[in-house]
Structures are given as C-alpha cells and as structure tokens.
Amino acid sequence: MAHYLIAESYTDQWKALPFKTDGGMGIPIFEDEERAQGFINANWESLGPGWEPRILWARQLAYVLERYAAEEGVQLVVLDPPPAPVASLVGTYEVEVVEIRQFIALLKDHYGL
C-alpha cells in the first residue's frame, strides 16, 4: 500500500515536511494524494511554493521515517490531518497521532519488511 507525505523538491532530492505538535515534531502521512494536496493548499501561505504530495511504498516510508527519527528528532506521525492550517490543528482538530518508532514497527510487521 502506498502512502503520501508532503515533500519539498530540489534538483535531485527532496525533504519531508515536519511540523510542531503538542507532543513534539511530527510528519503528516496521508492515504491519498487529494488529502495531501488539500493540506498543502490550506497551508500555502506558510509553506510557499515547491511542496507536493510524494508517494512512498511501505519500505520507502519506513526508511524515510527512520532517518527523520534519527537525524531530525521527529517523534510522531500525524495520520491524515484535515486540510487546515497547521497552526489550527494543534488543540483544535481530532487527529490521529502515532509515535514514529511504533508506526515504523507497524509498517514492518504489516508488510513483512
């Protein structure tokens, strides 16, 4: 199964979008491209150009999340946040948040990675 995250593209690489939550830094993960694009559109003013939904398969997503957990201090995965500005998500919307290491373990177990 594929997931989408929001990434800023460069010439030959990209970086994911982490943002601050009540529990620490989190990376939003989406089940479909339309929801990811809606989130980008809702945050256009604060993000600026260059951000796009990026499709990742389970193995790729696990690798990216492991890197962000180790190198960037990201602690959480925010699952399918609504298309709303990041500032209004914290404390306003019911969003599902999972500890990043737990989510990586779930990916590996579920997909036999």
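Use the structure listed above.
Right, let's walk through the structure included here. From a predicted model like this one, the values you see are computed outputs, not experimental measurements.

## A short note on unusual backbone geometry
Here's step 1: Its identity as a non-glycine residue notwithstanding, Asp80 has a phi of 45°, on the positive side.
Here's step 2: When you line up the elements, Asp80 lands in the loop between β6 (76-79) and α4 (86-89).

## Remarks on the packing of aromatic side chains
Here's step 1: The final tally for this structure, using the stated rule, is two aromatic pairs.
Here's step 2: Here the aromatic cluster, defined as three or more aromatic residues joined through ring pairs, consists of Phe19, Phe30 and Phe39.

## With respect to the pairing of β6
Here's step 1: Alignment of strand β4 (residues 24-30) against β6, held across four bridges, turns out to be parallel. Looking across to β6, one finds that Gly26 is bridged to Leu76.
Here's step 2: Both β6 and strand β7 (residues 96-99) contribute to a ladder of four bridges, which runs antiparallel. Looking across to β7, one finds that Leu79 is bridged to Glu96.

Rules behind the numbers
Within any chain, residue numbers begin from 1 and follow the written order of that chain's sequence. Given that this is a predicted model, residues contribute local features only at a pLDDT of at least 70 and side-chain atom pairs are listed and counted only at 80 or more, while totals for whole chains, interfaces and linings are drawn from all residues. Side-chain metrics in this entry use all non-hydrogen atoms of the structure; hydrogen atoms and water are not considered. Runs of E in the DSSP output that reach at least two residues are strands. Runs of H or I that reach at least four are helices, and both are numbered from the N terminus. Two aromatic rings from Phe, Tyr or Trp, using only the six-membered ring of Trp, form a pair when their centres are within 6.5 Å; if the ring planes differ by under 30 degrees the pair is stacked, by over 60 it is edge-to-face, and anything between is tilted. Strand pairing is assigned whenever DSSP identifies at least 2 bridges connecting the two strands.

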